[in-house]
Amino acid sequence: MVAWISVALLAASAVAVGVAPRLMVRGYSWEANTISESAAQGVRHAWVARAGFAGLGAGAVLVAVECRSAWGIAAFCLIVVFGVLMMATAGASERPWEAGAPYRAKEAQVHSVLAGAAGVAYTVGAGTVAFTDAGAPVWLRALSLVVAVSGVVLPLAMARRPQVQGLIQRVMFALAYAWLIAEALHGGG
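Residues numbered from 1 in each chain as written. Predicted model: local features only at pLDDT ≥ 70, side-chain atom pairs only at ≥ 80, totals over all residues. Heavy atoms only, no water.

### Quick notes on the nonpolar core
(1) Moving on: Within the largest apolar cluster, 42 residues are counted, with the highest numbers of intra-cluster contacts made by Leu-56, Trp-71, Phe-82, Trp-179 and Leu-180.
(2) Moving on: Those elements giving two or more residues to this core turn out to be α1 (2-19), α3 (46-71), α4 (73-91), α5 (105-132), α6 (138-160) and α7 (165-186).
(3) Moving on: In this structure, Leu-56 is in contact with Leu-10, Ser-13, Phe-82, Met-86, Phe-173, Tyr-177 and Leu-180, ignoring residues within four places of it in sequence.
(4) Moving on: By size, the runner-up hydrophobic cluster in this structure holds six residues, among which are Ala-40, Val-43, Ala-46 and Trp-97. (Core = buried A, V, L, I, M, F, W, Y, C linked by side-chain atoms within 4.5 Å. Buried < 20%, exposed > 50% of the residue type's maximum accessible area, 1.4 Å probe, protein only. Helix = DSSP H or I, 4+ residues; strand = E, 2+ residues; numbered from the N terminus. Contact = heavy atoms within 4.5 Å.)

Written as structure tokens, this is what we have:
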């Protein structure tokens, strides 16, 4: 039952993250602008992307609960931390992408710290799963490793290619959804 609830949350989150760019005003580009920018302060319909963050976080926590015995305590804790930080990220928004738009700098800083810490927990957690879940099929352990590597490589690519950072981030999120759903359905054994 927990697995199916987590899959439903993750699927709803993916839909929210996918729909959010379509609700943005002119000037937002899903290729150049990040998901956080579609959830930014003062942005109309930002709640949609924020709900996506919250759903991803809640889904990740439930996946960790479902898989805790197979993953071990370290991976369990790291993915729970990732999930909690993603939910917290939904409550602290990035600054708007539009030049000159008013925003609260401290809130944007909190968002950045939370998102960065979530990324570290996610990356290390996925890597830990790749090496600790000996009962998982080879393809799922390989996916865990791909996800962990992407957690390092894709943010670096975003920094080097800001004109496509939104696209790169969406690839990273798609990998996260695929991995978490696969883990939920596998159930840690």
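### Notes on the packing of α3 against α7
(1) Moving on: Two numbers describe how α3 lies on α7: the axes approach to 9 Å, and their chain directions differ by 40 degrees. Relative to α7, α3 is oriented oblique. Here α3 and α7 pass one another in a crossing that is left-handed. Every residue of α7 that contacts α3 at Gly-52, Phe-53, Leu-56, Ala-60, Val-63, Glu-66, Cys-67 and Trp-71 is listed here: Phe-173, Tyr-177, Trp-179, Leu-180, Glu-183 and Ala-184.
(2) Moving on: Residue classes in the contact of α3 with α7 are distributed as 11 nonpolar, one polar and two charged. (Axes fitted to C-alpha atoms, helices over the stretch in contact; angles between N-to-C directions. Parallel < 35°, antiparallel > 145°, perpendicular 65-115°, else oblique. Left-handed = near helix turned anticlockwise from the far one by under 90°. Nonpolar A, V, L, I, M, F, W, Y, C, P; charged D, E, K, R; others polar.)

### Structural notes on the pattern of salt bridges
(1) Moving on: All chains considered together, the criterion is met by one salt bridge.
(2) Moving on: Where Arg-104 meets Glu-107, a salt bridge forms, and the shortest distance between an N and an O atom there is 2.5 Å.
(3) Moving on: For Arg-104, a relative accessible area of 52% gives the class exposed. (Salt bridge = Lys/Arg side-chain N within 4 Å of Asp/Glu carboxyl O.)

### Observations concerning the environment of Ala-74
(1) Moving on: Relative to the assigned elements, Ala-74 resides in helix α4.
(2) Moving on: For the pair Ala-74 and Met-172, spaced 98 residues apart in sequence, the C-alpha to C-alpha distance is 22 Å.

### Describing α1
(1) Moving on: Over its 18 residues, α1 extends 26 Å from the first C-alpha to the last, a length consistent with the 26 Å expected when each residue adds 1.5 Å.
(2) Moving on: Burial in α1 covers these residues: Ala-3, Ser-6, Val-7, Leu-10, Ser-13, Ala-16 and Val-17.
(3) Moving on: Residues of α1 that are buried make contact with α2 (35-38), α3 and α7. (Expected span 1.5 Å × (residues − 1).)

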